[in-house]
Amino acid sequence: METRAGYMVVGTFVLLSLAGILGFFLWLARTDLDYKVNLYTIYFPGSVTGLTIGGTVNYMGVPVGSVKNIELDANNLERVNITVAIRDSLPIKEDVYASLELQGLTGYKLVQLYGGNTDSPLLKVKPGQRYPIIPSRYSGVEELMTTLPRMINKLTNLVDRMN
């Protein structure tokens, strides 16, 4: 009878340890269990290299959501359809716009939201849309990256002509 009691204590300890480890990883992952989200669509023209599913969505530098889906737009293959989940406590206004920003020197990108005048109405779903659409703009870094190759090409041509 005494050996069975020892197995019961060990089994209980193992089960409690596994539950504690699972709880720790859920807390560490900061799952979306503690708040509700609203989904929005953003169309970015061109490449979104460096943006990943689960990537951060910031509003004025504060993390407010995450990237849920990245896919090519079926109607226009020159733009990318991004679905983002943003906390429902944050009111997204009609004058809010999104841009891609570099996240440090790693090459990873995040979605940065700007704007949102207090007098502006809330962004709502229009007929024919699945989610409200947040307009996008090029960031300064993105514009630099797209114009830099052309500038280098022109500089190379100029040096060749001078020679």
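Each remark here, short or long, concerns the structure printed above.
Owing to the predicted nature of the structure, the values given are computational and were not obtained by experimental measurement. (Residues numbered from 1 in each chain as written. Predicted model: local features only at pLDDT ≥ 70, side-chain atom pairs only at ≥ 80, totals over all residues. Heavy atoms only, no water.)

## A closer look at the overall build of the protein
A count of helices and strands for the protein gives 2 helices and 7 strands. Mapped from its N terminus to its C terminus, the protein presents α and β elements in the order α-β-β-β-β-β-β-β-α. Going through the 163 residues of the protein one by one, you find that 26% of them count as buried. A sequence separation of at least 24 residues applies to 61% of the contacts in the protein between residues at least 6 apart. (Helix = DSSP H or I, 4+ residues; strand = E, 2+ residues; numbered from the N terminus. Buried < 20%, exposed > 50% of the residue type's maximum accessible area, 1.4 Å probe, protein only. Contact = heavy atoms within 4.5 Å.)

## Some points on the environment of Glu94
Along the chain, Glu94 falls in the loop between β4 (79-87) and β5 (97-102). Note: C-alpha distance between Glu94 and Leu122 (28 residues apart in sequence) is 5.7 Å. Apart from the residues within four sequence positions on either side, Glu94 is in contact with Ser120, Pro121, Leu122 and Leu123.

## Let's talk about unusual backbone geometry
Only a minority of non-glycine residues have a phi that is not negative, and only a minority of peptide bonds are not trans. Phi at Met60 takes a positive value of approximately 55°, unusual for a residue other than glycine. Within the element layout of this structure, Met60 appears in the loop between β2 (56-59) and β3 (62-72).

## With respect to the sheet that holds strand β6 (residues 109-114)
Taken in spatial order, the 7 strands line up as β5-β6-β2-β3-β4-β1-β7 in an open sheet, and their pairing is mixed. Every other strand in the sheet has two partners, leaving β5 and β7 (133-134) as the edge strands with one partner each. Direction of pairing for β3 relative to β4: antiparallel, over a ladder of 7 bridges. Paired with Ser66 across the strands is Ala85, a residue of β4. (Pairing = 2+ DSSP bridges.)

## Quick notes on the packing of aromatic side chains
The tally for this structure, following the rule as stated, stands at 2 aromatic pairs. Arg79 extends its terminal NZ or CZ atom over the ring of Tyr43, reaching a point 3.9 Å from the ring centre. The ring of Tyr97 is capped by Arg137, whose NZ or CZ atom sits 3.8 Å from the centre of that ring. (Phe/Tyr/Trp six-rings, centres within 6.5 Å; stacked < 30°, edge-to-face > 60°. Lys NZ or Arg CZ within 6 Å of the ring centre and 35° of its normal.)

## Some points on a nonpolar patch on the surface
Together, Val10, Phe13, Val14, Leu15 and Leu18 make up an exposed nonpolar region whose accessible area comes to about 530 Å². Structurally, the position occupied by Val14 is in helix α1 (residues 2-29). (Patch = residues over 30% accessible without salt bridge, like charges linked within 9 Å, V, L, I, M, F, W, Y side chains within 5 Å. Areas by Shrake-Rupley, 256 points an atom, 1.4 Å probe, with all protein chains shown as cover. Salt bridge = Lys/Arg side-chain N within 4 Å of Asp/Glu carboxyl O.)

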